Structures are given as structure tokens and as C-alpha cells.
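Letter by letter, the chains look like this.
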Amino acid sequence: MADQQLNLNNIDEDASANNVTAFFTRTGKSQLSKFDKLVMFAGSSTDDLKSSIWSDMPKGGSSSNSAEDKLIKRIDKSIELEVIVQAIKDIDPTFKKIFVSYYISNNFHNTMWTDVCTILGYERTQANLMMWRAKVSFAYRYSYHEELPIKTFLVENAPNIVRTNPVQFPYTLRTSS
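Here, residues in each chain are numbered from 1, in the same order as that chain's written sequence. pLDDT decides what is reported in this predicted model: residues at 70 or higher carry local features, side-chain atom pairs at 80 or more are listed and counted, and totals for whole chains, interfaces and linings draw on all residues regardless. Each side-chain value is derived from all of the structure's non-hydrogen atoms; neither hydrogens nor water enter the calculation.

Engineer: Could you give me a rundown of the layout of surface pockets, with the residues and numbers involved?
Structural biologist: There is about 180 Å³ of room inside the largest pocket. Detection works on a 1 Å grid of protein atoms alone, calling trapped sets that fit a 1.4 Å probe cavities and calling open sets with protein on both sides within 12 Å along at least five of seven lines pockets, with lining residues defined by an atom within 4 Å of a point. The wall of the largest pocket is formed by Phe-24, Thr-25, Arg-26, Gln-31, Tyr-102, Tyr-103, Phe-108, His-109, Asn-110 and Thr-111. Note on residue categories: nonpolar means Ala, Val, Leu, Ile, Met, Phe, Trp, Tyr, Cys or Pro, charged means Asp, Glu, Lys or Arg, and polar means any other residue, Gly included. Residues belonging to the lining of the largest pocket are distributed by class as follows: four nonpolar, five polar and one charged. Grid points are joined across faces, edges and corners, and a volume is the space filled by probe spheres set on the points.

Structure follows, in C-alpha cells:
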């Protein structure tokens, strides 16, 4: 597939933020997010990532596996995880705090959003805006990766198409013709 360019002037930021939410939100009986599953497949843990995200220090190596195919899969997932961690690191520190506290550190598992806002010292509307900006920033910083399973979190506005559900998890990139 040839390189595809995103038209950055035509990004649906609300749908892009919703894609980030879908990736980091814990669902189902296991209460694991797609991010949590990626971390596990990469042979890491969110505890390993916390210090890496906050300090910008490289994370420790992953444990090796004797089966070659498992090792290759783990390396591929580790590369994908590194791209995601770098996008998180690059979020403005003002917004990164609320994003990491809520999605990565697991400080607020099963805590209502209004309580999270109070604990972090923000009014709800302020926290909503900060979290939205963190998600949009993450989506832009992740950008586009042809070689990874998740190509992009960004969603381009489709011209002359009315969408009733704008959230589409972007395993493939939608481009305008």
C-alpha cells in the first residue's frame, strides 16, 4: 500500500478522541482495554510503563521466549507499544497528567469521573476539556503507521456524508477520494 497522507485540515477531532477512548477504556468481563492487552502481549506491565512515561527513561527489556514465533510476535507488539508510549510521552504535560492518571496508572479503576475530577483538583468541565485535549494530542502524535495494526487514531471528515456514529476504530485509514 502506498504512503497515504492525512489532510490535517480535515480531521474530525471528536471522532479521533473517541477512537483513543475506545482503545484505552476497559470493557467486558476481564475489564481489560485494548491497551492493557497490547501491554500484556508485549510482555510488559503498566507498572513498567509508568516510570517510562513520566521520566522519559527507556523501559526495561522484555523476557525472551524459546519459541521463535512467540518471540517475533512479542517483538512486534513491543514495537507497537513503544510507538504508543512515545505518543503518550509527547502529550503536553498539562494534559498528560490527567490522561496517564486515568488510563495508565489505574489509580481510578471503578471510580466515577466526577470523583476523579475532585481527586485531581479540577472542576468537571475543566477536566473534560483537559482529557479531550490529551486524547486529541495523543491521536495527532501517534500520527500514521502503515506497518502497525493500528494505522492511526485520526479520523478524516468524509465530505457530504452524514454519519450517525462517527466513531470507527481505525484499523484501516479512511482517505478522501
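Engineer: Would you mind going over helix H7 (residues 124-142) in detail, with residue names and values included?
Structural biologist: Strands are runs of DSSP state E lasting at least two residues, helices are runs of H or I lasting at least four, and both sets are numbered from the N terminus onward. In this scheme, a helix's expected span is set at 1.5 Å multiplied by one less than its residue total. Here H7 contains 19 residues, and its C-alpha end-to-end distance of 27 Å stays within 8% of the 27 Å for a straight helix at 1.5 Å per residue. In this scheme, a residue with accessible area under 20% of its type's maximum is buried, one over 50% is exposed, and one in between is partly exposed, where area comes from a 1.4 Å probe on protein chains only. Of all the positions in H7, only Ala-127, Met-130, Met-131, Ala-134, Lys-135, Val-136, Ser-137, Phe-138, Ala-139 and Tyr-142 are classed as buried. Where H7 terminates, the next one or two residues include Ser-143, which has phi positive at roughly 65 degrees.

Engineer: Explain the pattern of salt bridges to me, using residue names and the numbers behind them.
Structural biologist: For this document, the term salt bridge refers to a Lys or Arg side-chain nitrogen within 4 Å of an Asp or Glu carboxyl oxygen. Per the counting criterion, the structure on display carries two salt bridges. Close ionic contact of Arg-26 with Asp-36 constitutes a salt bridge, the shortest N to O distance being 3.1 Å. In this pair, Arg-26 sits in the loop between helix H1 (13-24) and helix H2 (34-41) while Asp-36 sits in helix H2, placing the two residues 10 residues apart along the sequence. Notably, a salt bridge pairs Lys-77 with Glu-80, separated by 3.7 Å at the nearest N-O pair. Taken together, the residues span about one helical turn, with Lys-77 and Glu-80 both in helix H4 (residues 68-89) at a distance of three residues. Assigned by exposure class, Lys-77 and Glu-80 land together as buried.

Engineer: Please give an account of the environment of Arg-124 that cites residues and values.
Structural biologist: In this structure, Arg-124 sits in helix H7. Judged by its relative accessible area of 46%, Arg-124 falls in the partly exposed class. Spatially, the C-alpha atom of Arg-124 lies 8.1 Å from that of Trp-113, the residues being 11 residues apart in sequence. Should any heavy atoms of two residues lie within 4.5 Å, those residues are counted as being in contact. Residues in contact with Arg-124, not counting those within four places in the same chain, are Trp-113, Thr-114 and Cys-117.

Engineer: Kindly report on the packing of H1 against H7, identifying the contributing residues and their values.
Structural biologist: Here the axes come from fitting lines to C-alpha atoms, over the contacting stretch only for helices, and the angles between their N-to-C directions go from 0 to 180 degrees. Packing of H1 against H7 brings their axes to within 8 Å, and their N-to-C directions diverge by 90 degrees. As summarised for this structure, H1 and H7 are arranged roughly perpendicular, according to the angle between their axes. Facing H1, whose interface residues are Glu-13, Asp-14, Ser-16, Ala-17, Val-20, Thr-21 and Phe-24, H7 presents Trp-132, Lys-135, Val-136, Phe-138, Ala-139 and Tyr-140. In the contact of H1 with H7, the residues fall into eight nonpolar, two polar and three charged. Comment on the angle field: the value is read as roughly parallel under 35 degrees, roughly antiparallel over 145, roughly perpendicular from 65 to 115, and oblique elsewhere.

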